[in-house]
Amino acid sequence: MAANPEADWVSRFADEVIAEAERRAPGKPIVCASGLSPSGPIHLGNLREVMTPHLVADEIRRRGHEVVHIISWDDYDRYRKVPAGIDESWAQHIGKPLTSVPAPAGSAYPNWAEHFKASMIESLAQLGVEYRGISQTEMYTSGAYTEQVLLAMRERGKIDAVLDRYRTKGRTGSGAPQQGKLDEDEAAAAQEAAEGSGAAAEDDGTGATGYFPYKPYCSVCDRDLTTVVAYDDETTELSYTCQCGHTETVLLSEHRRGKLVWKVDWPMRWAYEGVVFEPSGVDHSSPGSSFQVGGQIVGEVFGGQQPIGPMYAFVGISGMAKMSSSKGGVPTPADALQIMEPPLLRWLYARRRPNQAFKIAFDQEIQRLYDEWDTLGRKVAEGAANAADTAAHSRAVGTAAGPLPVTPHPLPYRTLASIVDITTGDPEQTLRILRDLDPADPVASLDETRPRLDRAQHWITTQVPAEQRTRVLAEPDATLLGKLDDDQRESLRLLLAGLDDHWSLEGLTTLVYGVPKTRLGLPMDVKPTPELKVAQREFFALLYHLLVGRDTGPRLPTLLLAVGPDQVRKLLTP
Ligand SMILES: [Zn+2]
């Protein structure tokens, strides 16, 4: 690896992959790969399987090399279980290829795999991920892998011996991610991730009748409840029995309804496609795991080489438990893209090394994340960010193909969220407030603030619990107003007197912080003292109570702008 301390992780992997590709296949396009199983909703954790090679491939492309990012759709895998929310009658399809299972009721897609691929394909387009999708159903049923299948069967003794080296060593746990303490949300997501991965719970081809790495789907019931009972290397005659009672002898050289078991299938594809870079999740990387075993099989059987394969850590979600997900499960990239713009989501994956776990915020944390993102953008524009941060920013906002769409007038997410919270999205009111925010740089139409405005609105309406929403009082709180002391009355008078001259975000900020300074006889540019801070805190709490009937709320200048001068006067006049 090049020892450039300035480079980010993407750049370092690109160096390594380019050098390795030149050793293995000089002059040929460099192949990076991902595998996704459309066995159910493809969730945010699995997006790392795509984003890691995407970012590396994109860097290689930026450097002018020919590169292809393959996404293998593992849609010829067996259907394993009926997920929550799906009719129990789908249990009859367990054991069939995912492309032979009917799509969930009401779907526009022809089968289960296509249904769950569709949302991911749409998200990848929004994220600017360029790739070549490969359907494993198409590959197997077209006979593309026939030679490799026959080879694996011929070499089954060798494969069995490799597998045996690991079988006797004992397995380390179930293969579930082990990263210290996981909170409940993360544990649920980890469970989903492990169940969704190709390695989980699949037999390796061992049976009472001997070792066979090929598993036929029964020609009568289409399920893989089959056992190979005999195979002739000369004629390629293969006999199998099925739990449904069917027994059949086929010619493997012509057979298309079946596939190699996962631990043989994966290395076969490394060799077939010449993959140089393919990361894998923690559940694939333990001793005896498919990545390790595959590393032996790819060379000893298929004459290929294992890719450079960093292990990527778990991606968690914060705030997921409170989510009202209609799917009832772990959020998908499509869910995330409804509350954040594609560059922000790309940035979350680009800025962390693959072995670092991180969380994607669906809760209040998203507002801080957006602040951080905007600050980084300003620093980069001023040339004040360090090399790694600048690199992550550049990978987030565009690809080798060009920049991703942006919001023309990007206002702070938390400000937008507060405004749509108060206006409940009413376009006229929202535009009035946005216009007043900064008279020096006024917003002329809502479209200027999109898509960020829509993301903030979607976040407020789907992720923020009702009790945390802001409700501006319709009528003044007469009881509280009647109990005010002289100091409080004078503070409110000063605030109302200054409203017209300070009607902007900046002006109102000066005003609300300034009123307590004036009351204490301090100059406007005074450094905050403990006494001043107490006075400000008490004044702010009073304002929140009078405006929204609680002791906290959105930032006061935003709140005042949103409430509007007439209603502010009505609610704050004793
Ligand atoms: Zn059958």
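As shown above, the structure is provided for reference.
Residues numbered from 1 in each chain as written. Predicted model: local features only at pLDDT ≥ 70, side-chain atom pairs only at ≥ 80, totals over all residues. Heavy atoms only, no water.

Participant: Explanation requested: the overall build of the chain in the structure shown.
Facilitator: The secondary structure content of the chain amounts to 22 helices and 16 strands. Burial status across the chain gives 51% buried among its 574 residues. When contacts within the chain are restricted to residue pairs at least 6 apart in sequence, long-range pairs at least 24 apart make up 71% of them. When the accessible surface of the chain is totalled, it reaches about 25300 Å², and 50% of it is carbon and sulfur. (Helix = DSSP H or I, 4+ residues; strand = E, 2+ residues; numbered from the N terminus. Buried < 20%, exposed > 50% of the residue type's maximum accessible area, 1.4 Å probe, protein only. Contact = heavy atoms within 4.5 Å. Areas by Shrake-Rupley, 256 points an atom, 1.4 Å probe, with all protein chains shown as cover.)

Participant: Help me understand the coordination of the zinc ion, please; the structure alone is not making it clear to me.
Facilitator: Donor atoms from the polypeptide that coordinate the zinc ion comprise Cys 218 (SG), Cys 221 (SG), Cys 242 (SG) and Cys 244 (SG), at 2.3 Å from the metal. Considering all four donor atoms around the zinc ion, the spread of angles at the metal, 101 to 118°, places the coordination shape in the tetrahedral class. All donors to the zinc ion come from one chain, and their sequence spacing reads C-x2-C-x20-C-x1-C. With a gap of 24 residues between them, Cys 218 in the loop between strand E6 (214–216) and strand E7 (226–231) and Cys 242 in strand E8 (residues 237–242) connect regions that are remote in the sequence. (Donors = N, O, S within 2.8 Å, 3.2 Å for Na, K, Ca; no water. Tetrahedral: all angles 85-135°; square planar, octahedral: opposite > 155°, others 65-115°.)

Participant: Mind showing me how you'd approach unusual backbone geometry here?
Facilitator: Note: most peptide bonds trans; most residues except glycine with negative phi. Cis geometry is found at the peptide bond from Arg 450 to Pro 451, where omega equals 5°. As for its position among the elements, Pro 451 is in the loop between helix H15 (427–437) and helix H16 (452–463). In this structure, Asp 222 is a non-glycine residue whose phi angle is positive, near 65°. Tracing the chain through its elements places Asp 222 in the loop between E6 and E7. Within the chain, Thr 424 stands out as a residue other than glycine whose phi angle is a positive 45°. Position of Thr 424 relative to the elements: it lies in the loop between helix H14 (413–423) and H15.

Participant: Looking at this structure, how should I read the sheet that holds strand E2 (residues 67–73)?
Facilitator: Within a sheet, adjacent strands bond to each other through the backbone by hydrogen bonds, running parallel or antiparallel. The three strands lie next to each other as E1-E2-E3, forming an open sheet whose pairing is parallel. In the strand order of this sheet, the two ends are held by strand E1 (30–36) and strand E3 (132–135), each with one partner. Neighbour-to-neighbour, the strand axes of this sheet turn through a mean angle of 25°, independent of strand direction. Taken together, the four bridges between E2 and E3 define a ladder with parallel strand orientation. Opposite Ser 72, over in E3, you have Ile 134 as the bridge partner. (Pairing = 2+ DSSP bridges. Axes fitted to C-alpha atoms, helices over the stretch in contact; angles between N-to-C directions.)

Participant: Hey, could you run me through the pattern of salt bridges in this one?
Facilitator: When charged atoms on two side chains of opposite charge get close, those side chains can pair. Across all of its chains, the model carries 32 salt bridges by this definition. Notably, a salt bridge pairs Glu 300 with Arg 165, separated by 3.4 Å at the nearest N-O pair. Residue Glu 300 is located in helix H9 (residues 290–300), and its partner Arg 165 is located in helix H6 (residues 156–167); the two are separated by 135 residues in the primary sequence. We classify Arg 165 as partly exposed; its relative accessible area is 38%. Residue Glu 341 pairs with Arg 452 through a salt bridge whose shortest N-O separation is 3.0 Å. Within this pair, whereas Glu 341 is found in the loop between helix H10 (333–339) and helix H11 (342–350), its partner Arg 452 is found in helix H16, the two being separated by 111 residues in sequence. Overlapping salt bridges, with partners in common, bring together Asp 8, Asp 15, Glu 59, Arg 63 and Arg 395 in one network. (Salt bridge = Lys/Arg side-chain N within 4 Å of Asp/Glu carboxyl O.)

Participant: Where do I start with the environment of Glu 273 in this structure?
Facilitator: Its place among the elements puts Glu 273 in helix H8 (residues 262–273). With a relative accessible area of 18%, Glu 273 lands in the buried category. Glu 273 sits 36 residues away from Glu 237 along the chain, and the two C-alpha atoms are 28 Å apart. Non-local contacts of Glu 273, meaning those with residues more than four positions away in its chain, are made with Val 31, Ile 70, Arg 132, Ile 134 and Met 139.

Participant: So what exactly am I meant to see when it comes to the sheet that holds E8 here?
Facilitator: Read from one edge to the other, the open sheet built from three strands follows the order E7-E8-E9, with strand pairing classed as antiparallel. Either end of the sheet is taken by a strand with one partner, and the two such strands are E7 and strand E9 (247–251). Averaged over all pairs of adjacent strands, the angle between their axes in this sheet comes to 30°, without regard to strand direction. Bridge count between E8 and E9: five bridges; the pairing is antiparallel. Opposite Glu 237, over in E9, you have Leu 251 as the bridge partner.

Participant: Just to check I follow, could you spell out the packing of aromatic side chains for this structure?
Facilitator: Any pair of aromatic rings gets described here by the distance separating the centres and the angle formed by the planes. Here the structure, examined in full by the defined rule, presents 18 aromatic pairs. With 5.7 Å between their ring centres and 25° between their planes, Tyr 76 and Tyr 140 make a pair best called stacked. Placement of Tyr 76 in the loop between E2 and helix H3 (112–126) and of Tyr 140 in helix H4 (residues 136–141) is noted, with a sequence separation of 64 residues between them. Tyr 76 sits in the buried class, given a relative accessible area of 0%. A connected cluster of aromatic rings, assembled from ring pairs, spans Tyr 76, Tyr 140, Tyr 145, Tyr 217 and Tyr 272. Looking at Arg 351, its charged tip hangs above the ring of Trp 347, at a distance of 4.1 Å from the centre. (Phe/Tyr/Trp six-rings, centres within 6.5 Å; stacked < 30°, edge-to-face > 60°. Lys NZ or Arg CZ within 6 Å of the ring centre and 35° of its normal.)

Participant: So what exactly am I meant to see when it comes to the packing of H11 against helix H12 (residues 365–382) here?
Facilitator: The packing of two helices is summarised by the inter-axis angle and the distance between the axes. With their axes 11 Å apart at the nearest point, H11 and H12 run at an angle of 90° to one another. The pairing of H11 with H12 is recorded here as roughly perpendicular in orientation. Contacts between H11 and H12 involve Pro 343, Leu 344, Trp 347 and Leu 348 from the former and Leu 369, Tyr 370, Glu 372, Trp 373 and Leu 376 from the latter. The residue makeup of the contact of H11 with H12, split by class, is eight nonpolar, no polar and one charged. (Parallel < 35°, antiparallel > 145°, perpendicular 65-115°, else oblique. Nonpolar A, V, L, I, M, F, W, Y, C, P; charged D, E, K, R; others polar.)

Participant: What am I meant to see in the pairing of E2 here?
Facilitator: The side chains of a regular strand alternate, first on one face of the sheet and then on the other. The element E2 is largely enclosed, with a buried count of six among its seven residues. Both E1 and E2 contribute to a ladder of seven bridges, which runs parallel. Each bridged residue has a counterpart across the sheet, and for Cys 32 the counterpart in E2 is His 69. Once you follow E1 into helix H2 (residues 44–62) and on to E2, the crossover reads as right-handed. (Right-handed = clockwise from strand over helix to strand, strands pointing away.)

Participant: For this particular structure, what's the right way to read the side chain of Ser 318?
Facilitator: The topology assignment puts Ser 318 in strand E13 (residues 315–318). Among residues more than four places away in sequence, those in contact with Ser 318 are Lys 359, Ile 360, Ala 361, Phe 362 and Asp 363.

Participant: Could you clarify how one ought to interpret the nonpolar core in this entry?
Facilitator: The nonpolar side chains of a soluble globular protein tend to be buried, and buried together. Within the largest apolar cluster, 99 residues are counted, with the highest numbers of intra-cluster contacts made by Leu 47, Leu 345, Tyr 349 and Ile 360. Among the nonpolar cores identified, the runner-up in size contains 44 residues, and Val 31, Leu 163, Val 228 and Trp 270 belong to it. (Core = buried A, V, L, I, M, F, W, Y, C linked by side-chain atoms within 4.5 Å.)

Participant: What exactly am I supposed to notice about the environment of Arg 132 here?
Facilitator: When you line up the elements, Arg 132 lands in strand E3. The partly exposed category is assigned to Arg 132, whose relative accessible area is 41%. For the pair Arg 132 and Val 68, spaced 64 residues apart in the sequence, the C-alpha separation amounts to 7.2 Å. In contact with Arg 132, not counting residues within four places along its chain, are Val 68, His 69, Ile 70, Ile 71 and Glu 273.

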